[in-house]
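Chain residues, written in single-letter form:
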Amino acid sequence: MMGGVCKMLKRPSKFEDVVGHTHLIEFLKNHVSGGTLPRFLILEGDEGLGKTTIAKLISLALCCESENKPCYTCKTCTDIMSNVIDKNMETKNVKLFNMSINGGKDSAKDVVDNFNLGVSGIKTKVILLDEAHAMSDAAQEVFLVDTEYLPSNVYVILITTNSYNLIPTLKSRAFSIKLNKLKKVDLMILLKDIVRERNLNVQGGDATLGLIADWADGKPRIALNLLSGFQSNSAVSADLIKEFIGYVDVDDVIDLLSYLGGSMTHGLMYINSLHLSDGILDICLEVLKIKKGLASFKLNMDDALKVRTKLANVDEEVLVKFIYEFAALVKVNKRGLIASFIKAHPMYSSLVDFNPSILQEELQQKSDLVLEEPDYSERKAPTMESLLQNGSIVEVF
Ligand SMILES: [Zn+2]
């Protein structure tokens, strides 16, 4: 998927559809209509910001046949809208090259062969080079002379996530435009449009959408892709979103760790209700830093205060032991978390001294307990209830 900065799931086919990048769009429109846009451009920005979409909109504006560019109604405009923008297919006016596929010197020569209006009768031509950073140095050298002497009405736009890979001599010939990340407020506008369009039932409103916006870190495509995973008319809850993005609440992790200085049983019950994610380990490490009196750049002052108060009874060694066990897990699952928790808990040594056969006898005396292996056929982590019920928790000890 290429484009991203769209008001609707459909890619924006007009400058007016682009959310955010307000100053850039204004700048582009002014220079296109004034005929003052440099003919060799570099469009740089992180993945998912909509660089390719904006490059296509620039192409459309440049090629428009009307006085008032872009008109979106002339033959060239509609041609570019339906082919280049909607289908990622080139037209007589707009040529598309992906340099991650054609990054070598020979393909660079093929590209340069396009640096003219030819005999097609078109008035303007735009050549888009996507993933331009993938070009070899030799390929870039090929462009050096020809980008300096571009015929009038022939434009070349290099699209890249990282212009460091471009040779300085080539870069110095181009006019560079850097795309910034979107503000959260702009991402929220995009997300709300999708919600409306797909009639999604968002539980928790803005706070739930805010989770997506925060996680997407200013990149519209990332945010939209997540929401596109939901079917029309379906419910979108904070829990589902958290599951998708592997979100971990710092408070949850602090609460979990607090049980390492308290009741093991309550801790196990808490784990049973905990939302699992790979992110737990990162937060544990940050908590350890705070316990050691070091600065954490990920946790805020409030979190640090909670660590100091809620984890006052948790020994640093216990915390390290827990992290050691937990980090060794191949995959984060409830069973592994339970095992790590039990092994790190100060009560563990008394459990090890305890003879499991006594517990086994005690369990067997209670005839209502089913002593069966838990059913893992569903590949879901067993629940705490099932572990306690069928006695398999004894194995862990
Ligand atoms: Zn037009």
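Residues numbered from 1 in each chain as written. Predicted model: local features only at pLDDT ≥ 70, side-chain atom pairs only at ≥ 80, totals over all residues. Heavy atoms only, no water.

Visitor: Describe in detail the coordination of the zinc ion, supporting the description with residues and values.
Guide: Taken together, Cys 64 (SG), Cys 71 (SG), Cys 74 (SG) and Cys 77 (SG) make up the full set of protein donors to the zinc ion, lying 2.2 to 2.3 Å away. Within one chain, the residues serving as donors to the zinc ion are arranged as C-x6-C-x2-C-x2-C. Here Cys 64 is found in the loop between helix H2 (51-63) and helix H3 (75-87), whereas its partner Cys 74 is found in the loop between H2 and H3, with 10 residues between them in sequence. Like Cys 74, Cys 64 is buried. (Donors = N, O, S within 2.8 Å, 3.2 Å for Na, K, Ca; no water. Helix = DSSP H or I, 4+ residues; strand = E, 2+ residues; numbered from the N terminus. Buried < 20%, exposed > 50% of the residue type's maximum accessible area, 1.4 Å probe, protein only.)

Visitor: Describe helix H8 (residues 205-216), naming the residues involved and giving the relevant values.
Guide: Residues that lie three or four places apart on an α-helix share one face, since the helix turns once every 3.6 residues. In a regular helix each residue adds 1.5 Å, so 12 residues correspond to 16 Å; H8 covers 17 Å between its end C-alpha atoms and thus fits that length. Residues of H8 that are buried: Thr 208, Leu 209, Gly 210, Leu 211, Ile 212, Ala 213 and Ala 216. Residues of H8 that are buried sit in contact with helix H7 (184-197), strand S6 (201-202), helix H9 (220-228), strand S7 (235-236) and helix H10 (238-245). Note on H8: the residue one or two positions beyond its end, Asp 217, has a positive phi of about 55°. (Expected span 1.5 Å × (residues − 1). Contact = heavy atoms within 4.5 Å.)

Visitor: Break down unusual backbone geometry for me, with residues and values.
Guide: Between Lys 69 and the following residue, Pro 70, the backbone shows a cis peptide bond with an omega angle of -10°. Take Pro 70: it is sitting in the loop between H2 and H3. Of note, the phi angle at Asn 199 is positive, near 55°, even though the residue is not glycine. Looking at where Asn 199 falls in the secondary structure, it is placed in the loop between H7 and S6.

Visitor: Which residues make up the pairing of strand S4 (residues 154-160), and what values do they have?
Guide: Every other side chain in a regular strand lies on the same face of the sheet, so the side chains alternate between the two faces. Summarising burial for S4: 7 of the 7 residues are buried, a large majority. Side chains of S4 alternate between two faces, with Val 154, Val 156, Leu 158 and Thr 160 and Tyr 155, Ile 157 and Ile 159 buried alike. Pairing of strand S1 (residues 40-44) with S4 involves 5 bridges; the strand directions are parallel. For Glu 44, the partnering residue across the bridge sits in S4 and is Thr 160. A crossover connection joins strand S3 (residues 125-130) to the parallel S4 through helix H5 (residues 137-148); in handedness this β-α-β unit is right-handed. (Pairing = 2+ DSSP bridges. Right-handed = clockwise from strand over helix to strand, strands pointing away.)

Visitor: If you had to explain the confidence of the model for the protein to someone new, which residues and values would you point to?
Guide: If pLDDT is low for a region, its predicted coordinates should not be looked at in detail. Averaged over all residues, the pLDDT of the protein is 85; the fraction at 70 or higher stands at 86%. Counted against residues more than four places away or in other chains, residues 1-8, with its pLDDT under 50, gives 40 contacts. This model gives residues 391-397 a pLDDT under 50, and the stretch forms 18 contacts once residues within four places in sequence are excluded. (pLDDT = per-residue confidence, 0-100.)

Visitor: Would you mind going over the side chain of Ser 59 in detail, with residue names and values included?
Guide: Structurally, Ser 59 can be placed in helix H2. A polar contact of 2.7 Å, which involves the side chain of Ser 59, links it to the backbone oxygen of Ala 55. In this structure Ser 59 touches Ile 80, Val 94, Val 126 and Leu 128, once residues within four positions along its chain are discounted. (Polar contact = N/O pair within 3.5 Å; in protein donor to acceptor, adjacent residues only side chain to side chain.)

Visitor: So what's going on with the packing of helix H11 (residues 250-258) against helix H13 (residues 279-291)? Which residues, and what values?
Guide: The geometry of H11 relative to H13 is characterised by a closest axis approach of 10 Å and an angle of 70° between their N-to-C directions. Here H11 lies roughly perpendicular to H13, going by the angle between them. Where H11 crosses over H13, the handedness of that crossing is right-handed. Between H11 and H13, the residues in contact are Val 250, Val 253, Ile 254 and Leu 257 and Ile 280, Ile 283, Cys 284 and Val 287, respectively. For the contact of H11 with H13, the residue count by class is 8 nonpolar, no polar and no charged. (Axes fitted to C-alpha atoms, helices over the stretch in contact; angles between N-to-C directions. Parallel < 35°, antiparallel > 145°, perpendicular 65-115°, else oblique. Left-handed = near helix turned anticlockwise from the far one by under 90°. Nonpolar A, V, L, I, M, F, W, Y, C, P; charged D, E, K, R; others polar.)

Visitor: Report on the environment of His 266, specifying residues and quantitative values.
Guide: Its location among the elements puts His 266 in helix H12 (residues 264-273). Residues His 266 and Leu 256, spaced 10 residues apart in sequence, show a C-alpha to C-alpha distance of 9.6 Å.

Visitor: An account of the sheet that holds S1 is requested, with residue identities and associated values reported.
Guide: The parallel open sheet is built from 5 strands, whose spatial order is S2-S3-S4-S1-S5. Of all strands in the sheet, those with a lone pairing partner are strand S2 (94-98) and strand S5 (175-178), marking the two edges. When the angles between neighbouring strand axes are averaged without regard to direction, this sheet yields 20°. Looking at chain direction, S1 and S5 are connected through 4 bridges and run parallel. For Glu 44, the partnering residue across the bridge sits in S5 and is Lys 178.

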